[in-house]
Structures are given as C-alpha cells and as structure tokens.
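Chain and residue survey
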Amino acid sequence: MMKRIVVLGGGFGGLFSVINLCKYSEDFQITLINRDNNFVFTPLLHEVATAGIRENNAVYPLKENLTDERIKIVAAEIEKADLKKKIIKTSKGDFKYDYLIIALGSKTNLNVPGLKEYCFELKTIEHAKQIRKAVFDEFKKSSKKISFAVIGAGPTGVELAAEMRELGDLLIEKRFKNLNKKDFSVILLQRGSSMLPQLPERLVRKVEAELKRLNVDLRYNCKVEKVTKNGIYVNGKLIPCSIKIAAVGVKANRIKTVPEIYTADGILVRKDLRVEGFNNVFALGDVALHKDNGKYTPRLAQAAVQEAKYVAKNILALVRKNKTEDFKFKTQGFLLSVGQNYAVAEIKPFFLSGFFAWWLWRTIYLSKIVGLKNKLYLVYDWTIGLFRRRFVNNGK
C-alpha cells in the first residue's frame, strides 16, 4: 500500500531525507514542501558574499536534482501542521501524510538591540548577495576610511571576515586605487575569551595567526550591547563601522503546530529522531533537539545529513513493521577556510593546516555537491578564481 511522506524544508536535512528515501523501492509518495524551489549549499555562502564564486554555484534547483517520479516538490509557505489530523496546510493547499519529516532549519538569533535593523546576516543566497552589493557600494562611495565588523567568531564569522579582508584589499589594489589598504579594516568581535571550541587549541592558534597575517582585527571579550546605524556598542564604547554582519548563534525555524511541539529551543525528539508523543513524525537538523549520552547533537550540516539517513531508514522500518534504530552522531571531522589558499582541518587522527588543508576543504565540499553539472560549474568558478582571484567586475 502506498505511503504518503511529507517533508518540510529543502535544506540539508530535507534534501537528503528525500534522497535516502528514494534509495528504497517501496511504494512511497514523497512531497517536499519548501519556501522556494532551491537548495542552498550554506557552507559556500561566504564565498558568494565576497565574490569568490557566483551565486548560482551555491544554490541549486530542487526539481533538477530530485528526478525520481515518486517525488513532488511544492514551493509554498507552510501555514500549519495539524499532527492530529495528519494534514499540512500551506499557501498551495492541504497535504495529507502517513509520515511527516520536519527539517525546517534555523535562523539567526537576532536578540541584541539593533541587530535586526542594522546588521546583515548570512543564512540565504539573498543575504549573501546583499552583503556583496553593500561591500561594493561602500567602496564606490567612500573616499576615506572604511570599516567592516563581523559579530561572532564562529566558523561563519571567521570564514567571512577573512574573505572580506581579502576582497577589500583586492578592490583597493585593482579598482579603487584612490584608497589605501591602511584605511580599510575588518573587525571580528568575539564575546568570550576564546573561539572555535570544535578545534584543538593548536589549530585555533593557527587560525588566529592567519587572521593576523591577513590584517583581520580579532577582538575577544567583546560583549555587544547594541547596534546602531553608526556602529556597534561593545563594553560601553562605540566601534564605528559602516557594514555590520551578525554571524551569531541560531534558533530553530518555527511553524504553527497542533498540538504545539516546539520548546523555546526547538523540537524534542527521541533517540530514533521521532518527535516526542508521535510515532509517525520525525524532526532533524537545526530544528531538532536530539540527545546522545547527555549531549545535544550539534547544529551542523554533517549532522543533518547523517540524521537524514536514519530518518529514511526508520520510516522504512516502520512501514515494514520492524524496530527503529537510534541515531548516534559520528563527527566526520572539522574543516575551516581562512581566506583563499589557507584552511585548518581536523580529520582524526590528523590535524592539518595551510594550503593542503584548503585544497582538502574544497575537495570534500565538492564531493557533497548534488549533481555532476553543479560540481562542474563550481570547479569552473574555483579554477577561474585561481587566476583572477575574485569576481570583482561588478557588485551586483
């Protein structure tokens, strides 16, 4: 008997849930509901924002990459999930399900006064394009000092700050020769006394050294109190800056559910990724709160991809009336680029840094891209970038 599976969200969790479900020959009818028809490869957004690659190489049409005849893709706003009646209400109509997968991802936690009004964020392709345009516009209109600030020295903040510094230096060198590199600054603000807890201390020191070499102004113990049009107030003092980017923590994307299943931080799930209180509803990725050995599964793309495999496997087990399997996150290592040609990597038992780690970073991310055509387009942009460094002919 055909089973109807509805997947909410087209990010890593949703996309790979569908891909894994399609590996089975069961009689599934899979409906993927997403705000639009695109999958965004978020680990590459900082390259789009800093003109390292073109935007079409970080966003891919879902319909071109999910071609199984059992799949239906619906671009719609989700209005309500009625878990009692097993119906998803959307702007494009209602969808009934036998099994539901909630993979709605997260959004930036803009909980400091002024963050929402005056800061850019980097969660979507539109965000990346907005940042890139703002950077180019700032250089076009400025004849004096230029200062950018990134709030949060996590992976996104570090990667973005490093590449923004390189982009600014290149713009001054190639297009805006009336400006001086000494009058351009990128400030990276970190609330605590350290950064990147995912990495061992020796790799953190290497990241700090590379940021210093690039002339990124990394500042620790910076409590951001508010953000205004003119800059950022840190520890009672104003740091003047024209472009401000929030690379801070995230919170789960929420939808209306009946009954309410969200806590303040997300959706509680059991060890097999089923939502507490429901046997046919799964949640994964940034929206899910999954614990193993007392620790929450990290909000990482690699975790969502692993969870997607288990969700598909467990739905199959339920259809076949078998026992579900508990999910256990297994880290595949950690990769972080720090500008072009430099990265750090922890792939146990190895700890790497420098150009080889950067090459490895690109190779591994390339392997994660869905579809041969998408891989080739990205390789083309990266190859061109080796010679012309960045796509800086315009800021569109």
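Each remark here, short or long, concerns the structure printed above.
In what follows, the accompanying structure is described.

Rules and cut-offs
- Residues numbered from 1 in each chain as written.
- Predicted model: local features only at pLDDT ≥ 70, side-chain atom pairs only at ≥ 80, totals over all residues.
- Heavy atoms only, no water.
- Salt bridge = Lys/Arg side-chain N within 4 Å of Asp/Glu carboxyl O.
- Helix = DSSP H or I, 4+ residues; strand = E, 2+ residues; numbered from the N terminus.
- Buried < 20%, exposed > 50% of the residue type's maximum accessible area, 1.4 Å probe, protein only.
- Phe/Tyr/Trp six-rings, centres within 6.5 Å; stacked < 30°, edge-to-face > 60°.
- Pairing = 2+ DSSP bridges.

1. Re the pattern of salt bridges
Taken as a whole and assessed by the stated rule, the structure comprises 25 salt bridges. Residue Arg-390 is joined to Glu-163 by a salt bridge in which the shortest nitrogen-to-oxygen separation is 2.8 Å. Here Arg-390 is found in the segment after helix H10 (372-388), whereas its partner Glu-163 is found in helix H6 (residues 155-174), with 227 residues between them in sequence. The pair Arg-390 / Glu-163 is uniform in exposure class, with both members buried. What emerges from the salt-bridge pattern is a single network uniting Glu-163, Glu-166 and Arg-390.

2. Structural notes on the packing of aromatic side chains
The tally for this structure, following the rule as stated, stands at 15 aromatic pairs. When the centroid spacing of 6.5 Å and the interplanar angle of 80° are considered together, the rings of Phe-39 and Phe-41 count as edge-to-face. On the basis of relative accessibility, which here comes to 1%, the residue Phe-41 falls in the buried class. With a centroid separation of 6.1 Å and an interplanar angle of 85°, the aromatic rings of Phe-139 and Phe-148 are classed as edge-to-face.

3. Re the pairing of strand E6 (residues 78-82)
Relative to strand E7 (residues 87-90), E6 runs antiparallel, the two sharing four bridges. When the sheet's bridge partners are listed, Lys-80 is paired in E7 with Lys-89. What sits between E6 and E7 in their antiparallel hairpin is a turn of four residues, with Lys-86 showing a positive phi close to 60°. As paired strands, E6 and strand E19 (residues 257-258) are joined by two bridges and run parallel to one another. Bridging from a neighbouring strand, Asp-82 pairs with Val-258 of E19.

Keep in mind these values describe shape, not function.
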